[in-house]
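# Survey of secondary and tertiary structure
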Amino acid sequence: MKNILLPTDFSKNAWNAIFMAVKLYVDMECNFYVLNTYEPKKENIAGFKSSTRAGVVYQSLSEASEKQLMEVLNYLEKNHKNPKHHFEKLSSAGELVETIQELVPKYDIDTVVLGTKGATGAKAVFMGSNAVKVLKRIKNCALVVVPEWYDFQKLEAVVFPTEYAHFFPKNVLRPLLKLMAQWNSKIKIFHVAQTFGLSEFQKANKEILKKRFEGHPTSFHKVAIKTTVAAAIRQFAEEEKPDMIVMTNYSHDFFDKLTQEPVVKNVTFRTEVPLMVFPDFSG
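Being a predicted model, the structure only gives us computed values, none of them experimental.

## A short note on the overall build of the chain
Across its full length, the chain holds 9 helices and 10 strands. Counting every position in the chain, which comprises 283 residues, the buried fraction comes to 51%. For the chain, long-range pairs separated by at least 24 residues make up 83% of all intrachain contacts whose partners lie at least 6 apart in sequence. Accessible area for the chain stands at about 13800 Å²; split by element, carbon and sulfur atoms hold 51% of it.

## Points about the packing of aromatic side chains
Geometry of an aromatic ring pair is reported as the spacing of the ring centres plus the angle between the planes. With the rule as written, the count across this model stands at 10 aromatic pairs. Both rings, one in Phe160 and one in Phe213, keep their centres 6.2 Å apart while their planes meet at 70°; by these two values the pair is edge-to-face. With Phe160 in strand β6 (residues 157-162) and Phe213 in the loop between α6 (200-212) and β8 (218-224), this pair connects stretches of sequence that are 53 residues apart. Neither residue differs from the other here; Phe160 and Phe213 are each classed as buried. Both rings, one in Phe160 and one in Phe278, keep their centres 6.5 Å apart while their planes meet at 80°; by these two values the pair is edge-to-face. Of this pair, Phe160 sits in strand β6 while Phe278 sits in strand β10 (residues 275-278), placing them 118 residues apart in sequence. The same class applies to Phe160 and to Phe278, which are both buried. Taken together, the ring pairs in this structure connect Phe160, Phe168, Phe213 and Phe278 into an aromatic cluster. Seen from the ring of Phe220, Lys210 lies directly overhead, with NZ or CZ sitting 5.7 Å from the centre.

The rules behind each value
- Residues numbered from 1 in each chain as written.
- Predicted model: local features only at pLDDT ≥ 70, side-chain atom pairs only at ≥ 80, totals over all residues.
- Heavy atoms only, no water.
- Helix = DSSP H or I, 4+ residues; strand = E, 2+ residues; numbered from the N terminus.
- Buried < 20%, exposed > 50% of the residue type's maximum accessible area, 1.4 Å probe, protein only.
- Contact = heavy atoms within 4.5 Å.
- Areas by Shrake-Rupley, 256 points an atom, 1.4 Å probe, with all protein chains shown as cover.
- Phe/Tyr/Trp six-rings, centres within 6.5 Å; stacked < 30°, edge-to-face > 60°.
- Lys NZ or Arg CZ within 6 Å of the ring centre and 35° of its normal.

Structural data, given as structure tokens:
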């Protein structure tokens with residue numbers, strides 16, 4: 001049974017991420033936790049003249065959050081009913097990333113699926129800078145980031161940029177392998193670098209990847225860095241038209257050392273297809 005967290009601010013983009021999640025995991029037994037965080041914690045709020053007034057405001061926000069979450073669950077039960085899927089609502093007065101950090105171990109979350117942009121104006125921006133905060137601070141589960149207008153239909157092809165600098169234990173790739181088995185996906189592994197000579201360690205890691213994806217249609221490619229790593233990844237994705245980009249979020253990634261650019265952040269904001277980011281196991 002997979003446990004999947006679905007943060008929402010009830011924007012169209014948040015709905016889009018939810019729709020992708022229920023379609024992506026259509027054939028898997030899943031518990032979906034739909035989360036709404038509606039305000040920073042009370043101790044972070046200034047300007048209330050009395051605790052009574054603050055309490056009234058928070059009660060109102062809490063009730064509105066619960067009401068909208070119930071509407072989301074009712075819609076999903078009516079329009080996306082699946083005997084393999086169970087939905088539960090979570091409403092929290094707190095900052096989004098801190099709340100996710102608390103909920104991942106509490107509900108044994110495997111994956112967080114969220115959008116790259118959300119409601120603006122009177123509300124704080126739901127995604128954008130928050131997407132980067134989630135990518136940087138949520139290190140113990142997989143993340144799927146869904147572009148605002150992406151219409152997910154199938155997982156036919158996945159692209160996987162790598163420099164072969166990391167050994168991938170079986171458990172790291174297991175979520176991806178299960179999805180690929182479900183969708184009969186093909187994977188395109190591409191080496192993005194300035195030069196393509198491989199050390200013995202890199203060669204060994206490439207062989208491990210071949211073994212990990214054994215049984216799945218796998219191809220290997222090379223992409224030279226012309227400007228930035230993120231640009232090379234996006235260009236390859238535009239040419240190959242995959243249904244998902246898969247990356248790792250190592251805190252001391254070779255990509256960052258090589259180019260001094262926050263690759264995961266850049267790809268998140270500029271990619272036109274969903275991005276799956278593996279947890280950070282670099283210690």
